[in-house]
Amino acid sequence: MKKNNLIKKIYSLMGESDKRFFAILFLFSIVVSIVEILGVAAIMPFISVATDFDLIHEKWYFYFFYKTFGFSNPVNFVIVFGLVLSGFYIFRSVINYLYFHLLARFSKGRYYSIAIKLFQKYLDRSYRDYIASSKAELTKVLVSEGQNMTQVLSSLLFMMSEIIIIIIIYGVLLWLDWKITLLITLFLLINFIILFKLVSLKIKEAGKAREKYERDFFKIIHGVLGNFKIIKLSNSGEKYLNRFQQAIDRLSKSHILYDSLRELPRLYLESMGFIILIFIILYYIYITKSDITKYLPIVSVFVLALYRLLPSFHRIFGSYNHILYNYRAIEQIYDEMLYKSENYGDKPIIFKKGIQLKDIYFWYRPGKIVLNGISFNIRKGEKVGIIGESGSGKSTLVDILIGLYRPMKGSIYIDDIKLDENNIRSWRRKVGYIPQKIELMDGTVAENVALDDAYDEKKVKEVLKQASLLDFFEKEHEGIETPIGEDGIKLSGGQRQRIAIARALYHDPEVLVLDEATSALDMETEQEIMREIYSLKGGKTLVIVAHRLSTLEACDTIYHLKNGKIYRDEP
C-alpha cells in the first residue's frame, strides 16, 4: 500500500464540504491534543504544592496566582487550585466527547455521501459497463466496503490527533533531557520495526483475504437467492450450504486473525513502557552513582509522559493496522468512481415519420463483429419482426435501436435527425421495452407497473386493462395493491409477462420493443399475449424479436439476422 496514493484517493472521494469538515476536525484535534497534554501536565504541580506549601512562595507561577487573586493562606489556594483543576478535567471530558461526536459524524456521515455517490455512479453507468459487472460485487462495494471506508477515515483522523500529542510531549521531553529522550526514541523505533514485521504485514495480508472472502460471500448469497427454485428442485442445497460455510469460515478466520493481532501492539507496548521506566531509573543511578532523589522530578515527568505516550503509540499503531486491514475498501470505491458516466443530453426529438439504421457496425471484442453494416428502415406505426438464431445479434441490435448501446460505426436517424449524445435521453423515453427476462420488485402490482411508489392510479389501471390483467387482480386479489412477492414469485409466467407489458405501456411510448418477450411461454399463452400486443390502440410502432416465425405472423415486415447481416422478407 502506497500511503501517498491512499491519501490522494481518499481526498478525491471527498466533496468540498467533506474537505472543509476534515480541515475543521484537524484543527479541533490540535485543540484536543493541547487539552490532553495540559490534563497530564497539570496534576503534578497540584500534587507538588499540596504536599509542600512552601512551593507557593518558591515558584513564581504559584506566587503570581496567589497574589493576583488575593489568597490569605495556602490552604484556600490549594482548595481553589483543586476545584479549578476538577473543572478543567470536566471540560476536558466534554471537549473530548464533542471531538469524538464530530469524528463519528464525519466518518459515519461520509458513508451516507459515499453511498449516494456510488449509487449515482451505478445509475449513470452505461448499460454495457453494467452487464460486465457482478451484481454481488456492486452490492458488496456499496454496503460493506462503504462502511469499511468510514473506518479508514476514523483511523486516519485518530492517527493525526495522536501524532500531534506525541510531537508536543516529545518536544517537552527533548527540552528536559535530550540524551535519554533520543535513546528512548531509538529503542521505540527498533520495537516499532519489529511490530511492523510481526503484525502489520500479516494484517495487510488478512485484509486482502477479507476482501476476497467477502466477495465470495456475497456472490454465493446472490447466486442462491436468484436460483432458489432450481436449487430446491435439484436437491443441491447442501452443496451451496457447504460453499457458504467455507466462505464464511474463511471470512471469520481473517476477522479473528485481525482482532487477535491488533491487541498484540498494546500488550507489547505496555511491557516496553515498564522496561523504559526501569531503563530511565538505571540510567540516572549510573550517572550519579547514588540514588535518584535529585532527578525524581524529571523521572516523574517521564513517567507521566510515558503514561500518555504509550496509549498514543498504541492508537497510532492500531489505526495504521486498521487502515491496512481495510485499505482495499478505498481502492475498490475509488475504482468504481473511475467508471465513465453517461453524459447524454435531453434535446427533444420528434418521431413522426420513421427510423433509419444506416451502416451499423458493432462488436464486443476486436475481430468478433456481431453486426456488420446493418441498414434498414422502420416506418412510424409499422409492425416489424426480427428473427434469427441464438447468438446472431438480435438483442444487440435491439439495444442499439433503443439507445442502450452506441454503434461502433454507422448512425441511427429519427425523422432524418441523427441520434446522438445530445438527444438520446429524449429518444429512450419514447421507447417501451419488454425483455425476455422480467425483473420484478418485491412490491405491489402498481409499484411494479409504475416503477415508483408514487403513481397515477388511473393510468396503472388503464395499462393493466390493456394487458388483460386488471380483472384478475380486482376479482381474485387486492386490486393494484396486490403484493406480488420478490421478483414476482407469486405470479405465473403469463402474468409476469403482462405486468411487463403494462409497465412498458405506462409512460405511453411511441415505440414498443419486445425482445423475445414470449419465448419462455407456452404456445397458447404466447399467441394470446401477441394478439393483445398487435391490437394495442394508438398506432404504436412495434419491433418484435422472436425465435419462432409464427410469433411474427401479424408483422408488416420481417427481417432475418444471420452472420451479422440483415435480410428483408415480406410476409
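Residues numbered from 1 in each chain as written. Predicted model: local features only at pLDDT ≥ 70, side-chain atom pairs only at ≥ 80, totals over all residues. Heavy atoms only, no water.

Please clarify how the overall build of the protein chain should be interpreted in this entry.
Summing up its helical and strand segments, the protein chain has 18 helices and ten strands in all. Its C-alpha atoms give the protein chain a radius of gyration of 36 Å, more than 25% over the compact-globule value 25 Å for 571 residues. The C-alpha extent of the protein chain, read off along each of the three principal axes, is 115 × 50 × 50 Å. Evaluated residue by residue, the protein chain yields a buried proportion of 45% over its 571 residues. Within the protein chain, contacts between residues at least 6 apart in sequence are counted, and of these 77% link residues at least 24 apart. (Helix = DSSP H or I, 4+ residues; strand = E, 2+ residues; numbered from the N terminus. Rg over C-alpha atoms; globule rule 2.2 N^0.38 Å. Buried < 20%, exposed > 50% of the residue type's maximum accessible area, 1.4 Å probe, protein only. Contact = heavy atoms within 4.5 Å.)

Is there a simple way to explain unusual backbone geometry in this structure?
Negative phi values dominate among residues other than glycine, just as trans dominates among peptide bonds. At Asp359, a position not held by glycine, the phi torsion is positive, near 50°. Examined against the element boundaries, Asp359 turns out to sit in strand β1 (residues 354–365). Under the relative-accessibility criterion, Asp359 is labelled partly exposed at 41%. One non-glycine residue, Asp415, lies in positive phi territory at about 50°. Take Asp415: it is sitting in the loop between β4 (409–414) and β5 (417–418).

For this particular structure, what's the right way to read the sheet that holds β4?
Strand pairing within a sheet occurs via backbone hydrogen bonds; the two strands may be parallel or antiparallel. Ordered by their spatial adjacency, four strands build an open sheet running β2-β1-β4-β5, and the pairing between neighbours is antiparallel. Of all the strands in the sheet, the pair left with one neighbour each is β2 (368–379) and β5. Looking at chain direction, β1 and β2 are connected through nine bridges and run antiparallel. Bridge pairing in β2 links Tyr361 to Asn372. (Pairing = 2+ DSSP bridges.)

For this particular structure, what's the right way to read the domain arrangement of the protein chain?
Put simply, an interface is often sized by how much accessible area is lost when its parts join up. What the domain assignment lists for the protein chain is domain 1 (6–338) and domain 2 (354–568). On a C-alpha basis, the centroid separation for the pair domain 1 and domain 2 is 55 Å. Each partner contributes to the interface: domain 1 provides four residues, whereas domain 2 provides eight residues. Across the interface of domain 1 and domain 2, roughly 480 Å² is buried in total on both sides, 54% from carbon and sulfur atoms. (Domains from an automatic or database assignment. Buried area = accessible area lost by both parts, 1.4 Å probe.)

Got a minute to help me understand the UniProt feature "transmembrane region" (unreviewed entry) in the protein chain in this structure?
Under the present numbering, the feature "transmembrane region" (unreviewed entry) in UniProt falls on residues 21–47, 77–100, 156–176, 182–200, 267–286 and 292–310. For residues 77–100, the end-to-end C-alpha separation is 34 Å, with 100% helix and 0% strand making up the annotated structure. In residues 156–176, the share of helix is 100% and the share of strand is 0%. The end C-alpha atoms are 31 Å apart. (UniProt positions renumbered as here; feature names shortened; annotations may be inferred.)

Help me understand the packing of aromatic side chains, please; the structure alone is not making it clear to me.
Each aromatic ring pair is characterised by the separation of its centres together with the angle its planes make. Taken as a whole and assessed by the stated rule, the structure comprises 29 aromatic pairs. Ring geometry for Phe62 against Phe77: centres 6.4 Å apart, planes inclined by 80°, an arrangement best described as edge-to-face. A residue pair is termed long-range when its members are at least 10 positions apart, and Phe62 in helix α4 (residues 60–68) and Phe77 in helix α5 (residues 74–124) qualify at 15 residues. Residue class for Phe62 comes out buried when judged on its relative accessible area of 7%. Between Phe362 and Tyr405, the aromatic rings sit 5.2 Å apart at their centres with planes inclined by 5°, giving stacked as the arrangement. Here Tyr405 lies in the loop between α12 (394–401) and β4 and Phe362 lies in strand β1, a separation of 43 residues in the sequence. Through a chain of ring-to-ring contacts, the aromatic side chains of Phe46, Trp60, Tyr61, Phe62, Tyr66, Phe71, Phe77 and Phe81 assemble into a single cluster. Against the face of Tyr11 rests Lys19, its NZ or CZ located 4.2 Å from the ring centre. Its guanidinium or amino end placed over the ring of Tyr361, Lys409 lies 4.7 Å from that ring's centre, counting from NZ or CZ. (Phe/Tyr/Trp six-rings, centres within 6.5 Å; stacked < 30°, edge-to-face > 60°. Lys NZ or Arg CZ within 6 Å of the ring centre and 35° of its normal.)

Just checking my understanding: could you explain the side chain of Arg503 for this structure?
You can see Arg503 is positioned in helix α17 (residues 493–506). Only 2.9 Å separates the side chain of Arg503 from the backbone oxygen of Asn448, close enough to count as a polar contact. When near neighbours in sequence (up to four residues on either side) are disregarded, Arg503 contacts Glu439, Leu440, Asn448, Val449 and Leu451. (Polar contact = N/O pair within 3.5 Å; in protein donor to acceptor, adjacent residues only side chain to side chain.)

For this particular structure, what's the right way to read the side chain of Thr444?
With respect to the helices and strands, Thr444 occurs in the loop between β6 (431–434) and α14 (445–450). Those residues in contact with Thr444, other than ones at most four positions away along the chain, are Ile480, Glu481, Thr482 and Pro483.

Would you take a moment to explain the pattern of salt bridges for this structure?
If charged atoms from side chains of opposite charge come close, those side chains can pair. Overall, the coordinates contain 25 salt bridges when judged by the stated rule. As a salt-bridge pair, Glu16 and Lys19 come within 3.7 Å of each other at their nearest N and O atoms. Taken as a pair, Glu16 and Lys19 lie in helix α2 (residues 16–51) at a separation of three residues, close to a single helical turn. For Lys540, the salt bridge identified is with Asp508, shortest N-O distance 2.9 Å. Pair noted here: Lys540 is in the loop between α18 (523–534) and β8 (541–546) and Asp508 is in the loop between α17 and β7 (511–515), with a separation of 32 residues, a long-range link. Counted as one network, the salt bridges with shared partners bring together Glu137, Lys140, Glu145, Arg210, Glu211, Glu214, Arg215, Arg328 and Glu331. (Salt bridge = Lys/Arg side-chain N within 4 Å of Asp/Glu carboxyl O.)

Quick question: what am I supposed to make of the packing of α2 against helix α7 (residues 135–176) here?
Each pair of packed helices can be summarised by the angle the axes make with each other and by the distance between the axes. In the contact formed by α2 and α7, the axes pass within 9 Å of each other and the chain directions differ by 40°. Comparing their axes, α7 and α2 come out oblique. In this structure, the crossing between α2 and α7 has a hand that is right-handed. For the pair formed by α2 and α7, the contact residues are Phe22, Leu25, Phe26, Ser29, Ile30, Ser33, Ile34, Glu36 and Ile37 on the first element and Leu156, Leu157, Met160, Ser161, Ile164, Ile165, Ile168 and Ile169 on the second. When the residues that make up the contact of α2 with α7 are grouped by side-chain class, the tally is 13 nonpolar, three polar and one charged. (Axes fitted to C-alpha atoms, helices over the stretch in contact; angles between N-to-C directions. Parallel < 35°, antiparallel > 145°, perpendicular 65-115°, else oblique. Left-handed = near helix turned anticlockwise from the far one by under 90°. Nonpolar A, V, L, I, M, F, W, Y, C, P; charged D, E, K, R; others polar.)

Explain a nonpolar patch on the surface to me, please; I cannot follow it from the model alone.
Among the surface-exposed residues, Ile34, Leu38, Ile168, Val172, Trp175 and Val301 lie close enough to one another that they form a single nonpolar patch of about 560 Å² accessible area. Looking at the nonpolar patch, the elements that each hand over two or more residues are α2 and α7. Of the residues forming the nonpolar patch, the biggest block, three residues, is contributed by α7. Structurally, Val301 is set in helix α11 (residues 296–338). (Patch = residues over 30% accessible without salt bridge, like charges linked within 9 Å, V, L, I, M, F, W, Y side chains within 5 Å. Areas by Shrake-Rupley, 256 points an atom, 1.4 Å probe, with all protein chains shown as cover.)

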